[in-house]
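What follows is each chain in one-letter form.
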Amino acid sequence: EYNAAFFDRGPKFLHYEPRQLFVGNIEYDHADLYPDIESIEDAFRKVIALVPPDGAVVINADDKRVVDVARHARSEGDRHARSNGDRHARSEDAGDARATVVRVSLADPGADFSARDVAFHEQGTDFTLLEAGLPTARLSSPLLGLHNVRNALGAIALVRGAGLSASEIAAGLPRFAGVRRRLEVKGEKNGILVVDDFAHHPTAVSSTLEAARARFPARRIWALFEPRSNTAGRKMFEDEYAEAFAAADALVLAPVYHARRLAEDARLDRDALVRRFHASGKPAFAPEAIAEIPEILRREARPGDVLLLMSSGAFGGLPETLLESL
C-alpha cells in the first residue's frame with residue numbers, strides 16, 4: 001500500500017490490475033502517507049474491487065479488518081471503476097458479479113485452506129494442509145513462524161486456483177528459502193551470531209522474535225531495534241513495542257531516525273521502553289548513537305548469543321561493524 005512514486009502519492013498496488021490477490025493483514029503503518037487506519041482500509045477496498053469477476057481474492061480470515069474490507073469492497077469497486085472509465089466497470093444489471101473470495105485461516109479448520117499439526121524445528125516448519133477441512137498433504141518449509149505458515153496458505157490458495165496439485169506444492173514449497181533480510185544470518189564471530197531482519201512494525205517485530213526463538217531455541221536472543229520508519233519512531237505504538245520486545249532476552253534501542261521531524265510528545269520514548277524491559281530483570285540499553293552499540297555488545301554479549309538486528313534501513317552498517325568488532 002506504499003506510494004507509487006514521489007509524484008504519485010497514491011498506493012502503488014492500484015496500478016497492478018490483479019487477477020488474483022492475497023490480502024494477509026491490514027494494520028496502521030506509513031504514517032507519512034496515511035492519516036489513519038481508515039485511509040489504509042480504503043486503499044485495500046479499492047485494490048480488492050479491481051479484481052475481475054473471473055479472478056480470486058484470497059483473504060486471511062483471521063484478520064477482522066481484512067474480512068470487513070473484502071466484504072465492503074464490491075460497492076467501492078463499482079464506483080471506482082465507473083468514475084475512472086475502468087475496463088472492468090460493470091453494468092448496473094451485472095452489479096452482483098464479483099471475484100471469488102477464498103478464505104485461509106489458522107484458527108478455522110473449516111476454511112477453504114487451513115493448517116493443523118504445525119511443528120517448528122531448527123530446519124523450518126512442518127504442517128498438514130487442510131482444504132475445506134480435509135487433509136490433503138503434509139508440507140515442509142525452511143521458513144519459521146506462524147506468519148510464514150499463513151503466507152504459505154495464501155500462496156497455496158493462489159496456485160491451487162491456477163491448477164497446481166497438492167503433490168506439486170509439496171515439492172515446490174521446500175525450495176523457497178525466503179528473501180534477504182528475513183532472519184538473514186550475516187555471520188558468526190567468537191560464538192556470537194549476527195542476524196539481520198527488516199522488521200519495523202510491532203507485529204513484524206513480534207513475529208520475527210517468535211521465529212528466531214523457534215530457530216535458536218537454546219540461545220540468548222538480543223533484540224537490536226532501530227526506529228527508522230516514519231511510523232516506528234512514533235509514540236502511538238509504544239505499548240505494542242513493549243509487548244513485542246518482551247519476547248527477547250536483552251534489548252538495545254537505537255536512536256529514533258526521524259526524531260527531528262517529530263514533536264517530543266509524539267516521539268517514541270526509548271527510556272520508558274528500556275525501563276519497562278529492565279523491570280523484568282533483563283538487560284536493556286538506549287544509546288545516544290548507533291556507534292555506541294558495538295562497545296555495549298563487546299562488553300555484554302557472550303558466546304552463544306544471537307544478535308537480532310531489526311530495521312527498515314541499513315542500521316548504519318551495524319551488522320557488518322559487529323562482525324568486525326566482536
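Residue numbers restart at each chain and count upward from 1, following the sequence in its written direction. With the structure being a predicted model, the display of local features is reserved for residues of pLDDT at least 70 and the display and counting of side-chain atom pairs for 80 or more, all residues being used for whole-chain, interface and lining totals. In computing side-chain properties, one takes all heavy atoms of the structure into account and sets aside hydrogens as well as water.

A. Just the pattern of salt bridges, in detail. Take a side-chain nitrogen of Lys or Arg and a carboxyl oxygen of Asp or Glu: if they are within 4 Å of each other, that pair is a salt bridge. Summed over the entire model, instances satisfying the criterion amount to 23 salt bridges. In this structure, the salt-bridge partner of Arg19 is Asp54, at a minimum N-O distance of 2.5 Å. In this pair, Arg19 sits in the loop between strand E2 (8-11) and strand E3 (20-23) while Asp54 sits in the loop between helix H1 (37-50) and strand E4 (56-60), placing the two residues 35 residues apart along the sequence. Glu226 serves as the salt-bridge partner of Arg228, at 3.5 Å between the closest nitrogen and oxygen. Here's how the labels work: a residue is buried when its accessible area is under 20% of the maximum for its type, exposed when over 50%, partly exposed in between, all with a 1.4 Å probe on protein chains only. Overall, Glu226 belongs to the buried group, its relative accessible area being 2%. Through salt bridges with shared partners, a single ionic network connects Asp42, Arg45 and Lys46. By definition, any uninterrupted DSSP run of H or I lasting at least four residues is a helix, any uninterrupted run of E lasting at least two residues is a strand, and each is numbered from the N terminus.

B. Here's a closer look at the packing of aromatic side chains. Side-chain rings of Phe, Tyr and Trp, where Trp is taken by its six-membered ring, are said to pair if the distance between their centres is within 6.5 Å; with planes under 30 degrees apart they count as stacked, over 60 as edge-to-face, and otherwise as tilted. Under the counting rule described, the total for this entry stands at six aromatic pairs. Seen in terms of ring centroids, Phe225 and Tyr241 are 5.1 Å apart; in terms of plane orientation they differ by 45 degrees. Their pairing is tilted. Residue Phe225 is found in strand E11 (residues 221-225), and its partner Tyr241 is found in helix H6 (residues 238-245); the two are separated by 16 residues along the sequence. Judged on exposure class, the residue Phe225 and its partner Tyr241 are both buried. Here a set of aromatic residues connected by ring pairs shows up, and it is made of Phe225, Tyr241 and Phe245. By definition here, charges over rings are those cases where NZ of Lys or CZ of Arg is within 6 Å of the ring centre and within 35 degrees of the ring normal. Over the aromatic face of Tyr257 sits the side chain of Arg228, whose NZ or CZ is 3.9 Å from the ring centroid.

C. Geometry of the side chain of Ser141. Here Ser141 shows up in strand E8 (residues 134-141). Under the rule applied, a polar contact is a pair of N or O atoms within 3.5 Å (in protein, one hydrogen donor and one hydrogen acceptor; residues adjacent in sequence only if both atoms are side-chain atoms). A distance of 3.1 Å separates a polar atom in the side chain of Ser141 from the backbone nitrogen of Leu143. Aside from chain neighbours lying at most four places away, what touches Ser141 is Gln123, Gly124, Thr125 and Leu173. Any two residues having at least one pair of non-hydrogen atoms within 4.5 Å are treated as being in contact.

D. Structural detail: helix H8 (residues 293-300). Every buried residue of H8 is listed here: Ile293, Pro294, Ile296 and Leu297. Seen from one end, H8 has its buried residues packed into an arc of 160 degrees, which puts them on one side. Of the surrounding elements, those touching the buried residues of H8 are E11, strand E12 (250-253), strand E13 (284-285), strand E14 (306-310) and helix H9 (318-325). Each direction from the helix axis to a C-beta atom contributes to the arc, which is the arc of those directions.

E. A look at the nonpolar core. Membership of the largest hydrophobic core comes to 56 residues, with the highest contact counts inside it found for Ile48, Val205, Tyr241 and Phe245. Ranked by residues supplied to this core, first place goes to H1 with six residues. Look past the residues within four positions of Ile48 in its chain and what remains in contact with it is Leu21, Val23, Val57, Val69, Ala70 and Ala73. Counting residues in each nonpolar core, the second largest holds 18 residues, with Val194, Leu224, Phe285 and Ile293 among its members. Take the buried residues of types Ala, Val, Leu, Ile, Met, Phe, Trp, Tyr and Cys, join any two whose side-chain atoms come within 4.5 Å, and each joined set is a nonpolar core.

F. Region of the structure containing the sheet that holds strand E6 (residues 113-121). Here a strand pair is declared whenever DSSP counts at least two bridges between the two strands. Here we have six strands laid out as an open sheet, ordered E3-E4-E5-E6-E7-E8, and mixed in their pairing. In the strand order of this sheet, the two ends are held by E3 and E8, each with one partner. Strand-to-strand twist in this sheet, taken as the mean axis angle between neighbours without regard to direction, amounts to 20 degrees. Sitting on the sheet, helix H3 (residues 146-161) is in contact with E3, E4, strand E5 (100-105), E6, strand E7 (124-131) and E8, with an inclination near 140 degrees to E6. Every axis in this analysis is a line fitted to C-alpha atoms, fitted for helices over the stretch in contact. Angles between the N-to-C directions lie between 0 and 180 degrees.

The quantities given are spatial measurements derived from coordinates; they are silent on function.
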